[in-house]
Amino acid sequence: MRTLVVAEHDSTTLTRGARSAVGAAAKLGGEIDVLVAGWQCQAAAEAAARLAGVRRVLFADAEHYAHDLAEELAQLVAQLAPDYTHVLTGATVYGRNFLPRTAALLDVTPLSDVVEIQSSERFVRPMYAGNVLATVIMRDATKLLTVRVTAFEEAQAGGGAPIDRVNVPAPRALSALVERIPTVADRPDLRTASIVVGAGRGVASADGMKLVETLADRLGAAIGATRAAVDTGLAPNDWQVGQTGKVVAPTLYLAVGLSGAIQHVAGMSGSKIIVAINRDPDATIFEIADYGLVSDLFTALPELIAVLDR
Ligand SMILES: Cc1cc2nc3c(=O)[nH]c(=O)nc-3n(C[C@H](O)[C@H](O)[C@H](O)COP(=O)(O)OP(=O)(O)OC[C@H]3O[C@@H](n4cnc5c(N)ncnc54)[C@H](O)[C@@H]3O)c2cc1C
């Protein structure tokens, strides 16, 4: 068995998604190679080489990999994949973008968002907004998987694999990066934060949002939001948690003014402790909350902030 992990990185360090994918590959057993594709990203290749369990790093350093364009990456991975029984990457925007394209080039079926590896052919993934766990048996010679970042232990340092440059295919030039607009955030990354304050439609106004932000800052938390909160303009799109947003699994998820719709719960039910503040005692969120406070958030949040300030 030979697994290729396609590693997401920022040219210098590997992302948590990449380290989790190596952790998932270790569950499969067999040899693990890591592909680091990018431009001027030697440091990231060296970081991959230091991970325990990695046999070798394939280093594809070319200008057309500078911006993680899925069309370029898909072709590179499709060229390498036939040498492997499994190709793994994190179920992040990066992995979700290129892996289906690789699958199409190879004419195989990809499996997304794997949360458990039972054997080299049996995998578990959520369906129907996380209400069902499907066990899937794959028979393709090369199995293409994205793995849920929070479901696998991150690989740790402790290795010393060689770094081999690979021959890269010529650019396909099907797409080009026009502009990159980074989101400016002083808060922790939503996907990896250990505390998340989730804001729902009940937050209702800029004043309500200010309370949520103040609470998040006091707790050193990231802010998540429901789709209703995003649709009404209370929160930006990249804060959305749920079936069509981000999947988070913090130690503490503080759900404020949100009802607990299944599509939202799909993105946060893996949280270790869920605390809900809602003025409706029958709100669905109380069914999964470890602690619930039936209260108007415009009363509860100022009190909570005052206590934290003390
Ligand atoms: C295909 C599909 C995909 C979807 N994907 C997602 C997704 O990824 N993420 C997502 O979140 N949703 C998603 N949705 C939408 C989802 O179905 C719900 O509509 C949405 O999650 C509801 O958001 P909410 O809980 O903020 O709003 P509501 O359901 O309107 O709940 C608001 C809550 O706030 C409480 N409240 C109001 N005022 C106060 C107050 N002053 N103090 C305290 N509590 C108060 C109310 O009691 C209520 O429980 C999706 C829907 C579909 C169909």
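Treat the numbers as computed from the prediction; the structure is a model and nothing was measured. (Residues numbered from 1 in each chain as written. Predicted model: local features only at pLDDT ≥ 70, side-chain atom pairs only at ≥ 80, totals over all residues.)

### Here we look at the overall build of the protein
A tally of regular secondary structure across the protein gives nine helices and 15 strands. Relative to a compact globule of 310 residues, whose C-alpha radius of gyration would be 19 Å, the protein shows 21 Å and is just as compact. Over its C-alpha atoms, taken along the principal directions, the protein stretches across nearly 60 × 40 × 40 Å. Burial statistics for the protein: of 310 residues in total, 46% are counted as buried. Summarising the internal contacts of the protein: among those between residues at least 6 apart in sequence, 66% fall at separations of at least 24. (Helix = DSSP H or I, 4+ residues; strand = E, 2+ residues; numbered from the N terminus. Rg over C-alpha atoms; globule rule 2.2 N^0.38 Å. Buried ≥ 20, exposed ≤ 12 C-beta atoms within 10 Å, placed from the backbone. Contact = placed C-beta atoms within 7 Å.)

### A few points about the site of the ligand
Near the ligand, the surroundings consist of 27 residues, among which Gly200, Gly202, Thr226, Gly242 and His264 are the closest. Listed by contribution, the elements that provide at least two residues to the shell around the ligand are helix 6 (227-231), helix 7 (262-265) and helix 9 (297-309). Ranked by residues supplied to the shell around the ligand, first place goes to helix 6 with three residues. Here the residues of the shell around the ligand are counted per class, giving eight nonpolar, 14 polar and five charged. (Near = placed C-beta within 6 Å. Nonpolar A, V, L, I, M, F, W, Y, C, P; charged D, E, K, R; others polar.)

### Topic: the pairing of strand 7 (residues 122-127)
Two strands pair when backbone bridges link them, and strand 6 (residues 116-117) and strand 7 are joined in this way by two bridges, in the antiparallel orientation. When the sheet's bridge partners are listed, Ile117 is paired in strand 7 with Phe123. The pairing of strand 7 with strand 8 (residues 132-137) spans six bridges and is classified as antiparallel. Counterpart to Val124 in the pairing with strand 8 is Thr135. (Pairing = 2+ DSSP bridges.)

### Focus on the sheet that holds strand 8
Taking strand neighbours across the sheet as the criterion, the three strands line up as 6-7-8 in an open arrangement whose pairing is antiparallel. Lying at the two open borders of the sheet, with one neighbouring strand each, are strand 6 and strand 8.

### Structural notes on the packing of helix 3 (residues 70-80) against helix 4 (residues 93-106)
Relative orientation of the contacting elements helix 3 and helix 4 amounts to 50 degrees, with a least axis distance of 8 Å. In terms of their interaxial angle, helix 3 and helix 4 are classed as oblique. Helix 3 and helix 4 meet at a crossing whose hand is right-handed. Here Ala70, Glu71, Leu73, Ala74, Gln75, Val77 and Ala78 of helix 3 come into contact with helix 4, specifically with Asn97, Phe98, Arg101, Thr102, Leu105 and Leu106. A breakdown of the residues in the contact of helix 3 with helix 4 according to their chemical character gives eight nonpolar, three polar and two charged. (Axes fitted to C-alpha atoms, helices over the stretch in contact; angles between N-to-C directions. Parallel < 35°, antiparallel > 145°, perpendicular 65-115°, else oblique. Left-handed = near helix turned anticlockwise from the far one by under 90°.)

### Description of the domain arrangement of the protein
Assigned domains of the protein: these are domain 1 (2-165) and domain 2 (195-309). Once you take the C-alpha centre of each, domain 1 and domain 2 turn out to be 32 Å apart. At the interface, five residues of domain 1 touch eight residues of domain 2. Split by residue class, the side of domain 1 that touches domain 2 holds one nonpolar, three polar and one charged. (Domains from an automatic or database assignment.)

### Observations regarding unusual backbone geometry
Positive phi values are uncommon outside glycine, yet Asp68 reaches one of about 55 degrees. Its place among the elements puts Asp68 in the loop between strand 3 (56-61) and helix 3. Classification of Asp68 as partly exposed rests on a count of 16 C-beta atoms within 10 Å.

### A closer look at the sheet that holds strand 9 (residues 143-147)
Here we have seven strands laid out as an open sheet, ordered 5-9-4-1-2-3-10, and parallel in their pairing. At either end of the open sheet lies a strand with only one pairing partner, and these are strand 5 (110-114) and strand 10 (163-165). Strand after strand, the sheet turns through a mean of 25 degrees between neighbouring axes, direction not considered. With six bridges joining them, strand 2 (residues 31-38) and strand 3 adopt parallel strand pairing. Note that in strand 3 the partner of Val34 across the bridge is Val57. Most of the contacts of helix 1 (residues 16-28) go to strand 4 (residues 86-90), to which it runs at about 145 degrees, and overall it touches strand 1 (2-6), strand 2, strand 4 and strand 9. Lying over the sheet, helix 4 contacts strand 4, strand 5 and strand 9, oriented at roughly 170 degrees with respect to strand 9.

### Description of helix 9
Compared with an ideal rise of 1.5 Å per residue, which puts 13 residues at 18 Å, helix 9 spans 18 Å between its outermost C-alpha atoms and is within 8% of the ideal. Residues of helix 9 that are buried include every one of Leu297, Leu301 and Leu304, and no others. Looking straight down helix 9, one finds its buried side chains confined to an arc of 65 degrees; they lie on one side. More than 90 degrees from the buried face of helix 9, the exposed residues found are Thr299, Glu303, Ala306, Val307 and Asp309. For helix 9, the elements touching its buried residues are helix 5 (206-219), strand 13 (252-256) and strand 14 (273-278). (Expected span 1.5 Å × (residues − 1). Arc of directions from axis to C-beta.)

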